[in-house]
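Residue-level listing of the chains:
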Amino acid sequence: MASRSSAAVQEPASPGGRRVASKAPSHTADATAASFAALTHKLDYLDAADIKRVRDAYRFADEAHLGQFRASGEPYITHPIAVAGLCADWKLDAQAIMAALMHDAMEDCGVTKPELIERFGAPTADLVDGLTKLDKLQFSTREESQAESFRKMLLAMARDVRVILVKLADRLHNMRTMEAMTAAKRTRIARETIDIYAPIAHRLGLNQTYRELQELSFQHLRPWRHSALSKAVQKARGYRRDIVERIQLDVEKSFAQNKLKVQVFGREKTLFSIYRKMREKHLSFAQVNDIFGFRIVVTTLPECYLALGVLHQLYKPLPGRFKDYIAIPKANGYQSLHTTLVSPLGTAVEFQIRTEQMHAVAEKGIAAHWLYKSKGSGPVHVQEAQRLGAMWLQSLIDIQDETRDASEFLEHVKIDLFPDAVYVFTPKSKILALPRGATPVDFAYAIHSDVGDHCVAAKVNGEPVALRTELRSGDVVEIVSAPGAKPNPAWLNFVRTGRARSKIRHYLKTMEQEESQELGSKMLAQALRAEGLGLPADDTTESAVWQQITRWSGNRSREELLTDIGLGRKIATIVAKRMARLLAERGTKPDAVTLTMGRYASDDTAPSQGMVLIDGSEGASVRMAPCCRPIPGDAIVGYLGRGEGLVVHTAECGVGKRLYERDSERWMTVDWAEQPTRPFETGVTLLLRNGKGVLAEVAAAVAAAEADITHIDMGDEPASASTELRLLLSVRDRLHLAEVMRTLKRSSAVLRVVRVKP
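Description of the structure in this document. These numbers were taken from a predicted model, which means no experiment stands behind them.

About the thresholds
Residues numbered from 1 in each chain as written. Predicted model: local features only at pLDDT ≥ 70, side-chain atom pairs only at ≥ 80, totals over all residues. Heavy atoms only, no water. Disulfide = S-S within 2.5 Å. Buried < 20%, exposed > 50% of the residue type's maximum accessible area, 1.4 Å probe, protein only. Salt bridge = Lys/Arg side-chain N within 4 Å of Asp/Glu carboxyl O. Phe/Tyr/Trp six-rings, centres within 6.5 Å; stacked < 30°, edge-to-face > 60°. Helix = DSSP H or I, 4+ residues; strand = E, 2+ residues; numbered from the N terminus. Lys NZ or Arg CZ within 6 Å of the ring centre and 35° of its normal.

### Quick look at the state of the cysteines
One pass over the full model with this rule turns up 0 disulfides. Between Cys627, a cysteine without a disulfide, and Cys653, which holds the nearest cysteine sulfur, the sulfur-to-sulfur distance is 3.6 Å. Owing to a relative accessible area of 25%, Cys627 belongs among the partly exposed residues under this scheme.

### Considerations on the pattern of salt bridges
One pass over the full model with this rule turns up 15 salt bridges. Salt bridges sharing partners connect three or more residues here, namely Lys52, Asp56 and Arg59.

### Description of the packing of aromatic side chains
Tallied over the entire structure, the rule returns 6 aromatic pairs. Their ring planes at 20° and their centres at 5.4 Å tell us that Phe294 and Phe351 sit as a pair that is stacked. Here Phe294 is found in strand 2 (residues 292-298), whereas its partner Phe351 is found in strand 5 (residues 348-355), with 57 residues between them in sequence. Assessed through its relative accessible area of 1%, Phe294 is described here as buried. Residues Trp672 and Phe680 carry aromatic rings whose centres are separated by 5.3 Å and whose planes lie at 75° to one another, so their mutual orientation is edge-to-face. Note on Phe680: relative accessible area 1%, which makes it buried. Directly above the aromatic system of Phe680 lies the positively charged group of Arg678, at a separation of 4.3 Å from the ring centroid.

### A look at the environment of Lys757
Summarising the element assignment, Lys757 is placed in the segment after strand 20 (750-755). Judged by its relative accessible area of 57%, Lys757 falls in the exposed class. Along the backbone, Lys757 and Glu652 are 105 residues apart, and their C-alpha atoms lie at a distance of 9.1 Å.

Next comes the structure, spelled out in structure tokens:
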């Protein structure tokens, strides 16, 4: 094996130009051989056939990376060997070890997936493919490339959790060996690690990996603070050695007296967790008194609670600092009893009590189930490993299905990786884990997207609460839903889970698309009527016209074309004229009656795209301009904003007139329907005489006229004898508004009422 590695360093690059050879020191060949020899020692849990397959994968990877060197000057093959060694520490199977050895072969060396399938089989090739980043040349920004790589990795993770285990081992070794990189690259990789990879390790229960990734990221992102804290902890270690030893002796003696066999380990808080606690709670280093703690490992689950009793008899517990993660495990499968006791010197000391298997899961998470395969049925443990991460992975897959925007997707992933959790109950006592700060809306979407979409109110512990209320551990949450309800865009301001955020955005976008499509269909039909034609139906010979018109417009489908017309990206009259020409070529002639109706409906003062009637049911595709806030009875015009849908202005609106002068072809004729389906908002300004109960008097007058106040603005002016008040009123039409204004004028406190006009 040593001679093979030595040759790998000195041979020139193979034909094809995929690798760049450079001269390397001869001792690196010995290092490579030693590294692989060390790996073979770690593979003693595999059978001979599996070890042979791993050796074949090593030879393939060594040949693929021939002539490549890391920034440190070492042969590149040392990195895949180290990653495979980390996977072997987790006792992953031969396929995962092989994928670890070849994880950069497709990305850096031009090896194809069919080549891997032929040599090593489809499962191993799928693992390597899941680990391979997408070609960055096809993306416009680094963020988009990163998001697409995560998308691909998440899809592969959902099929096989080993993908993320190998990926985390890869990232851990890269973080350990970043010294030779430029400072800017180190900072970028460390930031990505602490934002994405460390939280993924935490969500999958790999606490040892999670802590090390955080620590290494902290070291590269805040080197000065890391160094200062490291020195402070070393000093504290010397000062507190006596008390730590005394506590450990007391604890061991107490367990011996109670004839309970335990293992007692001292543990130290990581530098990053100390730094985070100091920053979040505004503490000095001297005020952080739980730098040291103890872990008690027992044999069986009942002994955990017996050990807790022994400790509570030895030292007094701090009230409110006991947590039972055995009865209610964390979302990543973590189980332990946590209790904080007052030591003989009066300092707080945390104890964690768990069984050996709980300890394995706490440190290795999902990977722990491969450690225990030899003690039971292998497939059962692998299924358990998949189940642990399945719910969280599935939520990320749902998000990526509904989120096509790269920055949005990354935002959702980061939100969903939020490590702190609260544990709440459904009315049927099912436990749900949600991020800290989650609201009843997050809870509703965690149950099912339909529950979230139709949520109208919530009860917490039997009491009605606002939907933006933050939930606390132990709350019993009940959701009140209504069939006709739909998500409110304002929910995006307070929801905390990526699932809820993506579901709300997806629903709003879908609704907007459907409404825009309906509006576009109506506008195209009206524009065709002006040409004396009707919309071609799907079941006629004219249906082929749709294929031609969509090709001409650059759209993929008829629905997309109609949506573009409704959003103002395409002009209905231009599409209608082109469609009329195509229909004429097929022998379809304009209908005289339709032509007359179309011309009669047109307004000579504006370019005709056909009349659109506004009744208030159009949804997001039609908006009332906030500058003039038209209401039924006003003369109105419609502006087809690019990508904004139809914006309705009053005919005398100054903003609308300026838009018309600049962009006249985007204006169209609109009018009010005879029976609007809802009230509309408009603004009024009141000049009031200051005094007690003035606001109540105004509100009573508005209510007496059967209108609603939707917003009040009093400005920032200092108090004086009179003050100006701006109201947004919800009214049926102009006649209703006139009645409201007359009622307000009769009030003794109101000096003047005028409608707001731009």
